[in-house]
Amino acid sequence: MAEVIGLFNGISGRVGNVIFVRRGGKTFVKKLPKKRTTPYSKTELDHHSRFGFTCKIASRICQTEELKHFWDEVKKGNQSSHNRIFKENFRLAEPEDITGIVKLTPDFGFNLNEPMLLTGKSGISLDCKPIKEQSSEFYKKTKYIMAAGIVILRSPRSKSRDNYEIMPFKSEKIKFRVHSLISIKIPLGGADLKSYRGYSLKTAYAVLVALDEQGNPFSYRSEERRVGKECRSRW
């Protein structure tokens, strides 16, 4: 694979037997792989399934700018945020495993205090006790908070639906109040609600994001090193 500089820089897709791909803001070219003639083994099929599942997870996380922001800070070289998220999650989550883990953010931030994440009939809710004691810097900078994450939908109610869907979600920002209980509701509507209700099994993963006065997310490191530590809910 070689980097493209000049006329074809910035394009992506296939032209004949040549494929153009974009990585880290640069364009690369490679040959189209030859078609395989032998059947795939079960191990290979499982790998392909995990690969596609993790790609969707990374894509949905990137759709929420407040989450993508943290991955942008830690990506290296030509690596995109999507690729970094993919790498961190490839060995964690499986399409059929409802107990799997999803890493929504890199390892920094704070833990939530006894969180309760629920997937209801029309949306998602996150409740927890006040955030445990943090530094004066955190309290000075944090003006708002919001919840963000993904929900993995499994067990379709009709044959017309895929075996699973992955939806991103985020709440409106709310005023941060020190020593106050946190209760955030994320209602769904339209096509999202229709898809949400089209599956009988729902697994949600969420983090709490701290925002500054302009509503921008910022990185914060505490001794527990988590951004509102991921919490999971199954329904």
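Above this text you will find the structure in question.
None of these values were measured; they are calculated from a predicted model. (Residues numbered from 1 in each chain as written. Predicted model: local features only at pLDDT ≥ 70, side-chain atom pairs only at ≥ 80, totals over all residues. Heavy atoms only, no water.)

Trainee: Provide a residue-level description of the overall build of the protein chain, including the pertinent values.
Mentor: Across its full length, the protein chain carries five helices and 12 strands. Considering only residue pairs separated by 6 or more positions, the protein chain has 70% of its internal contacts joining residues 24 or more positions apart. Of the roughly 13,600 Å² that the protein chain leaves accessible, carbon and sulfur atoms contribute 51%. (Helix = DSSP H or I, 4+ residues; strand = E, 2+ residues; numbered from the N terminus. Contact = heavy atoms within 4.5 Å. Areas by Shrake-Rupley, 256 points an atom, 1.4 Å probe, with all protein chains shown as cover.)

Trainee: I'd love a proper account of empty space enclosed by the protein, names of residues and values included.
Mentor: Applying the stated criterion across every chain yields a total of two cavities of 30 Å³ or more. Each pocket or cavity is described by its volume, and for the second largest cavity that value is around 30 Å³. Lining the second largest cavity are Pro130, Ile131, Tyr139, Phe176, Arg177, Val178, His179, Ser180 and Ile182. Its residues assigned to classes, the lining of the second largest cavity comprises six nonpolar, two polar and one charged. (1 Å grid on protein atoms, 1.4 Å probe; cavity = no way out; pocket = protein on both sides within 12 Å on 5 of 7 lines; lining within 4 Å. Points joined across faces, edges and corners; volume = space filled by probe spheres on them. Nonpolar A, V, L, I, M, F, W, Y, C, P; charged D, E, K, R; others polar.)

Trainee: So what's going on with the side chain of Arg154? Which residues, and what values?
Mentor: On the secondary structure map, Arg154 appears in strand β7 (residues 144–156). Look at Arg154: it is buried, it has no salt bridge, and the nearest opposite charge is Glu96 at 5.7 Å. Polar side-chain contacts of Arg154 include one of 2.6 Å to the backbone oxygen of Pro95. A polar contact of 3.4 Å, which involves the side chain of Arg154, links it to the backbone oxygen of Asp97. Setting aside its immediate chain neighbours within four residues, Arg154 contacts Phe53, Glu94, Pro95, Glu96, Asp97, Ile98, Asn163, Tyr164, Tyr199, Ser200, Leu201 and Thr203. (Buried < 20%, exposed > 50% of the residue type's maximum accessible area, 1.4 Å probe, protein only. Lys, Arg positive; Asp, Glu negative; His and termini not counted. Salt bridge = Lys/Arg side-chain N within 4 Å of Asp/Glu carboxyl O. Polar contact = N/O pair within 3.5 Å; in protein donor to acceptor, adjacent residues only side chain to side chain.)

Trainee: Give a detailed account of the sheet that holds strand β10 (residues 182–187), specifying residues and quantitative values.
Mentor: The strands making up a sheet are joined through hydrogen bonds of the backbone, oriented either antiparallel or parallel. Here we have three strands laid out as an open sheet, ordered β5-β6-β10, and antiparallel in their pairing. Taken across any chain shown, the strands that pair with only one partner, and hence form the sheet edges, are β5 (113–119) and β10. The sheet shows a mean angle of 10 degrees between the axes of neighbouring strands, direction not considered. In this sheet, strand β6 (residues 123–129) lies alongside β5 in antiparallel orientation, the contact comprising five bridges. Looking at β6, one finds that Asn113 is bridged to Lys129. (Pairing = 2+ DSSP bridges. Axes fitted to C-alpha atoms, helices over the stretch in contact; angles between N-to-C directions.)

Trainee: Would you mind going over helix α1 (residues 42–62) in detail, with residue names and values included?
Mentor: An ideal rise of 1.5 Å per residue puts 30 Å on 21 residues; α1 measures up with 30 Å between its terminal C-alpha atoms. Each element contacted by the buried residues of α1 is listed here: α2 (65–74), α3 (81–89), β7 and β8 (164–170). (Expected span 1.5 Å × (residues − 1).)

Trainee: Lay out the environment of Glu213 in plain terms, naming residues and giving numbers.
Mentor: Note on placement: Glu213 falls in the loop between β11 (199–211) and β12 (231–234). For Glu213, a relative accessible area of 55% gives the class exposed. Remark: the alpha-carbon pair of Glu213 and Tyr144, spanning 69 residues in sequence, is separated by 7.3 Å. Residues contacting Glu213, with those up to four places away along its chain left out, are Lys141, Lys143 and Tyr144.

Trainee: Describe the pattern of salt bridges, and please don't skip the residues or the numbers.
Mentor: Counting across every chain of the model gives nine salt bridges. Notably, a salt bridge pairs Glu66 with Lys170, separated by 3.2 Å at the nearest N-O pair. Taken as a pair, Glu66 in helix α2 and Lys170 in strand β8 lie far apart in primary sequence, 104 residues in all. Sharing partners across several salt bridges, the network here consists of Arg84, Glu88 and Lys103.

Trainee: Could you give an account of the pairing of β7, with specific residues and numbers?
Mentor: Strand residues, when the strand is regular, have side chains that alternate between the two faces of the sheet. Buried residues dominate β7, accounting for 10 of its 13 residues. With 12 bridges joining them, β7 and β11 adopt antiparallel strand pairing. Pairing of Ile145 across the sheet is with Ala210, part of β11. With seven bridges connecting them, β7 and β8 associate as antiparallel partners. Note on β8: the bridge partner recorded for Val151 is Met167.

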